[in-house]
Amino acid sequence: MHMMVARPEQWVKPMAVAGANQYTFHLEATDNPGALIKDIRENGMKSCCICRPKVHLDLSFLLLQVGLAIKPATTVEHLAPWANQIDMALVMTVEPGFGGQKFMEDMMPKVLWLRTQFPSLDIEVDGGVGPDTIHKCAEAGANMIVSGSAIMKSADPRSVINLLRNVCSEAAQKRCLDR
């Protein structure tokens, strides 16, 4: 759940009740990221699923995952103090607000810096990501992507999704081999 709201604190409980298992908020939208991260963690989901008749799997140990997003104008160093407390960092590669914007390649050094400093952190990019830009994202270290227009406007969305997924997967495998 990527919350592009002015006061993300007010939405943690409603989103947890609604079944969200991941909550990403913008660093710029809160005065106290540490308290918000703690609140998200404390509102972990309790869920269970029935695998087959008479077999019940309790998944109550799962916690709500925390993602922290930064806008293009925010330096990645502002996110760094929270990196060990979050599950995912989201680097916006467009100004938030509407789809179809041009990918901002100058955000890739942020992704690379995060990948270098926090190798096991999930790093997501959002904005202008498609077949023409995915290689730059994956090579910089993004292992999660948001792609809207490139998929929805494609004549073959399935092939675009597969391409995006494969490029990210191959880059992640290469990083593992390089370590």
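Structure's up top.
Residues numbered from 1 in each chain as written. Predicted model: local features only at pLDDT ≥ 70, side-chain atom pairs only at ≥ 80, totals over all residues. Heavy atoms only, no water.

Visitor: For this particular structure, what's the right way to read the overall build of the chain?
Guide: The helix and strand tally for the chain stands at six helices and eight strands. Relative to its 179 residues, the chain shows a buried fraction of 41%. Long-range pairs, those at least 24 residues apart, make up 54% of the contacts in the chain between residues at least 6 apart in sequence. Summed over all atoms, the accessible surface of the chain reaches about 10300 Å², with 56% contributed by carbon and sulfur. (Helix = DSSP H or I, 4+ residues; strand = E, 2+ residues; numbered from the N terminus. Buried < 20%, exposed > 50% of the residue type's maximum accessible area, 1.4 Å probe, protein only. Contact = heavy atoms within 4.5 Å. Areas by Shrake-Rupley, 256 points an atom, 1.4 Å probe, with all protein chains shown as cover.)

Visitor: Help me out: how do you make sense of the packing of aromatic side chains in this one?
Guide: When we look at a pair of aromatic rings, we describe it by the centre distance and by the angle of the planes. Summed over all chains, the structure comprises one aromatic pair. When the ring of Trp113 is compared with that of Phe118, the centres are 6.2 Å apart and the planes differ by 70°; the resulting orientation is edge-to-face. On the basis of relative accessible area, Trp113 is assigned to the partly exposed category, the value being 27%. Judged by relative accessible area, Phe118 falls into the buried class, the value being 15%. (Phe/Tyr/Trp six-rings, centres within 6.5 Å; stacked < 30°, edge-to-face > 60°.)

Visitor: What is the right way to read the sheet that holds strand S7 (residues 122–126) from this model?
Guide: Hydrogen bonding along the main chain pairs the strands of a sheet, whether they run parallel or antiparallel. With parallel pairing, the six strands of this open sheet are ordered in space as S1-S2-S5-S6-S7-S8. Only two strands of the sheet have a single partner each, and these edge strands are strand S1 (2–3) and strand S8 (144–146). The sheet contact formed by strand S6 (residues 88–92) and S7 spans five bridges and is parallel. Bridge pairing in S7 places Met88 opposite Asp122. Taken strand by strand, helix H3 (residues 108–117) contacts strand S5 (65–70), S6 and S7, and its axis lies near 170° from that of S7. (Pairing = 2+ DSSP bridges. Axes fitted to C-alpha atoms, helices over the stretch in contact; angles between N-to-C directions.)

Visitor: Teacher, can you tell me more about the pairing of strand S2 (residues 22–26) here?
Guide: Remember that side chains alternate between the two faces of the sheet whenever the strand is regular. For S2, the buried fraction is high: five of the five residues fall into the buried class. Relative to S2, S1 runs parallel, the two sharing two bridges. Within S2, the position partnered with Met3 by the bridge is Phe25. Chirality of the crossover, the property in question, places the unit of S1, helix H1 (residues 12–18) and S2 among those that are right-handed. Taken together, the five bridges between S2 and S5 define a ladder with parallel strand orientation. (Right-handed = clockwise from strand over helix to strand, strands pointing away.)

Visitor: Where do I start with the environment of Phe118 in this structure?
Guide: Relative to the assigned elements, Phe118 resides in the loop between H3 and S7. Counting along the chain gives 38 residues from Phe118 to Ala80, while the straight-line C-alpha distance between them is 9.0 Å. Ignoring anything within four residues of it in the chain, the contact list for Phe118 reads Ala80, Ala83, Asn84 and Trp113.

Visitor: I keep staring at the side chain of Thr24 and nothing clicks. Help me out?
Guide: Tracing the backbone shows Thr24 in strand S2. Reaching out from Thr24, the side chain makes a polar contact with the side chain of Gln22 at a distance of 2.7 Å. When neighbours within four sequence positions are excluded, Thr24 is seen to be in contact with Met1, His2, Met3, Gly67, Leu68, Ala69, Met88 and Leu90. (Polar contact = N/O pair within 3.5 Å; in protein donor to acceptor, adjacent residues only side chain to side chain.)

These values are about where atoms sit, not about what they do.
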